[in-house]
Amino acid sequence: MQAFLRRQGIQVSNILRNLSPAELYPYALGEPGTILASNGAIIAYSGARTGRSPKDKRVVKEPSSEANIWWGKVNIPFEPASFAVNREMAIGFLNTRDHLYVVDGFAGWDPKHRIKVRTICTRAYHALFMHNMLIRPTDQELAEYGDPDWVIYNAGQMPACPSVPGVTGNTSVALSFASREFVILGSEYAGEMKKGVFTVLNYLLPLSGALPMHCSANEGAAGDVALFFGLSGTGKTTLSADPKRALIGDDEHGWTNDGVFNFEGGCYAKTINLTREKEPEIYDAIKFGSILENVPYDAGKHDPDYTSAEITENTRCAYPIEYIPNAKIPCVAGHPKNIVFLTCDAFGVLPPVARLDGNQAMYHFISGYTAKVAGTEVGVTEPEATFSACFGAAFMVWHPTVYAELLKKKMQEHDAKVWLVNTGWSGGSYGVGSRIKLAYTRAIIDAILDGHLDNAPMRRDEVFGFDVVTRVPEVPSEILDPKSLWKDHAAFEATEAKLANLFVENFKKYAPAASAELMAASPKVGSGV
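Notes on the structure in this doc start here. (Residues numbered from 1 in each chain as written. Predicted model: local features only at pLDDT ≥ 70, side-chain atom pairs only at ≥ 80, totals over all residues. Heavy atoms only, no water.)

## Considerations on the overall build of the protein
- Within the protein, the regular secondary structure consists of 13 helices and 28 strands.
- By the compact-globule yardstick of 24 Å for 529 residues, the protein fits well, its C-alpha radius of gyration being 23 Å.
- The dimensions of the protein, computed from C-alpha atoms along their principal axes, are 70 × 55 × 45 Å.
- Taken across its 529 residues, the protein has 60% of its residues classed as buried.
- Of the accessible surface of the protein, which amounts to about 20100 Å², a share of 52% is contributed by carbon and sulfur atoms.
- In the protein, 50 positive and 59 negative side-chain charges are present, and the distance between their average locations comes to 2 Å. (Helix = DSSP H or I, 4+ residues; strand = E, 2+ residues; numbered from the N terminus. Rg over C-alpha atoms; globule rule 2.2 N^0.38 Å. Buried < 20%, exposed > 50% of the residue type's maximum accessible area, 1.4 Å probe, protein only. Areas by Shrake-Rupley, 256 points an atom, 1.4 Å probe, with all protein chains shown as cover. Lys, Arg positive; Asp, Glu negative; His and termini not counted. Charge placed at Lys NZ, Arg CZ, Asp CG, Glu CD.)

What follows is the structure, given as structure tokens:
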């Protein structure tokens, strides 16, 4: 390892490699502001950046990958010379430390598709985070680890330089598929490392015909697998942590010819308003070895205050997946039986549950409608309607149709049913209506997974065309009909038409590559809309 680091320009001799949580705790507690919580977790703070910085992400434009990348607002091109300057700045900063943390781990539980990732960082909190989020090698695997496939240089405590071409502020996160490196400057938010690894796998897996997915996954006692797609805050982590089912993973997966596998060795759960009553598996996973990020606490007893958004609403906890009692380890499983598209509808017009046919599934997958939840990204202070291709456009490297075609192929091969579940608002738009109760959403998910909804009564939605489920055990019937909860039905119809138009306008950029059947799944908008 030392020889590798010297080749990369790292001159620090005191390298703390793959320390255990017990070994990392004293270092972490020595960092300013970091404290020991009453539940045994470490509470750490990421400074000014409390969410991802997607506008500061750059991808090096180079011959080996240039033709494959979906260039634009998501994948902003970066010149190799600029990346070299950022890399030199990061390594220069790392070389000013008297010791560095190195975490060597794997991304991907399937040995056929996993990659070796080496993280080099200056903060013990970041080392513990990656210890939790990567798949932890055995002693023998670590001894035989060799050189990594990818390297993360986390110099987040050092600001980026806006004079570097392509850098627009004091934060820059940049990756190069040619050198297989990821450089972080100006952000100490731990999630940047996690999503950097996800971005890498989103590029690599389609090269071998596998589908990378921004989704959670679990498995029933009969071996039935369910996938939950959705952006942060839509319920992927919460709804996949089901005591009746084995957790495969909460956020990032691949779907191969053999089945699905988790990319990660841990979970990165939101903690805002967390309670044991609502989410007992997540609540009890916060203990020794876990990292609470940007969570306020009581100064006396050091009790975490999960109700406080004083720092950010994007409060988080990272913990090893084995902290979930019913986690399936190794985190691999067969092919999905049910696929759930979770959407947080800020307009309050989508039904709590609807069944999608094949073309509708592709349409809604490519559209990826949801709402950005406050605090998930820098500058987002309240829910904001958005369309995110494949329910994770910020991490997609190929054009969305590449992922959509892979999903369509696998859905057809394995006869997976697809459902749209709204975890957002009902009775009115955000600010007027109320968030759909978690208990109702859980009842809907249970009914999907036990097969109860396969033959449930449904009605055709005249605007969106999908089949709306009208009866679900333990869910009031009026909840399943969003229009009935609006006091002003004309206002509902106008708002529904507005959302339908947003779908149509958003999809225009995909229309040139879409079939007539796929375009027929578009919402219907009339001349009076």
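Having seen it, we continue.
## Remarks on the pairing of strand S8 (residues 150-155)
- Of all the 6 residues making up S8, 6 are buried; the element is thus mostly covered by neighbouring parts of the structure.
- Burial of S8 is two-sided: the residues Trp150, Ile152 and Asn154 facing one way and the residues Val151, Tyr153 and Ala155 facing the other way are all buried.
- The pairing of strand S7 (residues 115-121) with S8 spans 5 bridges and is classified as parallel. Its bridge partner being in S8, isoleucine 120 is matched across the sheet by tyrosine 153. (Pairing = 2+ DSSP bridges.)

## Describing helix H4 (residues 124-133)
- With 10 of 10 residues buried, H4 lies mostly within the body of the structure.
- All buried positions along H4 are accounted for by Ala124, Tyr125, His126, Ala127, Leu128, Phe129, Met130, His131, Asn132 and Met133.

## Concerning the pattern of salt bridges
- Tallied over the entire structure, the rule returns 28 salt bridges.
- One salt bridge connects glutamate 31 with arginine 123, and the closest N-O pair in it is separated by 3.4 Å. Linking glutamate 31 in the loop between helix H2 (21-29) and strand S2 (35-36) with arginine 123 in the loop between S7 and H4, this pair joins segments that are 92 residues apart in sequence. With respect to class, glutamate 31 is no different from arginine 123; both count as buried.
- Of the charged contacts in the structure, one is a salt bridge between glutamate 219 and lysine 328, with a shortest N-O distance of 3.0 Å. With glutamate 219 in strand S11 (residues 211-219) and lysine 328 in the loop between strand S18 (316-320) and strand S19 (332-333), the pair connects residues that are 109 residues apart, well separated along the chain. (Salt bridge = Lys/Arg side-chain N within 4 Å of Asp/Glu carboxyl O.)

## What about the packing of H4 against helix H6 (residues 191-204)?
- Their axes nearest at 10 Å, the elements H4 and H6 cross at an angle of 40°. The angle between H4 and H6 falls in the class oblique. Like other packed secondary-structure pairs, H4 and H6 cross with a definite hand, here right-handed. Facing His126, Phe129, Met130 and Met133 of H4, the residues of H6 in contact are Gly191, Met193, Lys194 and Val197.
- Class assignment for the residues of the contact of H4 with H6 results in 5 nonpolar, 2 polar and 1 charged. (Axes fitted to C-alpha atoms, helices over the stretch in contact; angles between N-to-C directions. Parallel < 35°, antiparallel > 145°, perpendicular 65-115°, else oblique. Left-handed = near helix turned anticlockwise from the far one by under 90°. Contact = heavy atoms within 4.5 Å. Nonpolar A, V, L, I, M, F, W, Y, C, P; charged D, E, K, R; others polar.)

## Thoughts on the pairing of strand S9 (residues 172-176)
- When you tally the buried positions in S9, you get 5 out of 5 residues, the bulk of the element.
- Both faces of S9 are covered, namely the face carrying Ser172, Ala174 and Ser176 and the face carrying Val173 and Leu175.
- Across 3 bridges, the pairing between strand S4 (residues 57-60) and S9 is parallel. When the bridges of S9 are listed, arginine 58 appears paired with alanine 174.
- Pairing analysis gives 5 bridges linking S9 to strand S10 (residues 181-185), with the strands arranged antiparallel. If you follow serine 172 over to S10, its bridge partner there is leucine 185.
- Between S9 and S10, which follow one another and run antiparallel, lie 4 residues, and arginine 180 among them has a positive phi close to 60°.

## Some words on the packing of H2 against H4
- Relative orientation of the contacting elements H2 and H4 amounts to 155°, with a least axis distance of 8 Å. In this view, H2 runs roughly antiparallel relative to H4, as classed from their interaxial angle. Between H2 and H4 the crossing geometry is left-handed. Residues Pro21, Leu24, Tyr25, Tyr27 and Ala28 of H2 lie in contact with H4, whose contacting residues are Ala124, Tyr125, Ala127, Leu128 and His131.
- Here the residues of the contact of H2 with H4 are counted per class, giving 9 nonpolar, 1 polar and no charged.

## So, unusual backbone geometry
- In this chain, isoleucine 329 is followed by proline 330 through a cis amide linkage whose omega measures 0°.
- For proline 330, the position within the fold is in the loop between S18 and S19.
- Even without a glycine there, the phi angle at arginine 180 is positive, about 60°.
- By the secondary structure assignment, arginine 180 is in the loop between S9 and S10.
- Residues other than glycine seldom take positive phi values, yet glutamate 474 does so here, at roughly 70°.

## Re the environment of arginine 52
- Mapped onto the fold, arginine 52 is located in the loop between strand S3 (42-44) and S4.
- Between the C-alpha atoms of arginine 52 and glutamate 192, which are 140 residues apart in sequence, the distance is 6.0 Å.

## Quick word on the sheet that holds S9
- In space, the 8 strands of this open sheet follow the order S1-S6-S7-S8-S10-S9-S4-S5, with mixed pairing throughout. The sheet is open, and its two borders are formed by strand S1 (15-17) and strand S5 (76-78), each paired with just one other strand. When the angles between neighbouring strand axes are averaged without regard to direction, this sheet yields 25°.
- Packing against the sheet, helix H3 (residues 80-94) makes contact with S4, S5, strand S6 (100-107), S7, S8, S9 and S10, and its axis sits at approximately 65° to S10.
- Each of S6, S7 and S8 is contacted by H4, which is oriented at about 15° to S6, the strand it contacts most.

## Regarding the sheet that holds strand S17 (residues 291-293)
- If you walk across this open sheet you meet the 5 strands as S2-S3-S17-S18-S16, and the pairing is mixed. Of all strands in the sheet, those bounded by a partner on one side alone are S2 and strand S16 (266-270).
- Bridging between S3 and S17 involves 3 bridges; their strand directions are parallel. Directly across from isoleucine 42, in S17, lies its bridge partner isoleucine 291.

## Details of helix H12 (residues 489-507)
- Taking 1.5 Å of rise per residue, 19 residues should cover 27 Å, and H12 covers 27 Å from first to last C-alpha, within 8% of that figure.
- Phe492, Thr495, Glu496, Ala497, Leu499, Ala500, Phe503, Asn506 and Phe507 are the residues of H12 that are buried. (Expected span 1.5 Å × (residues − 1).)

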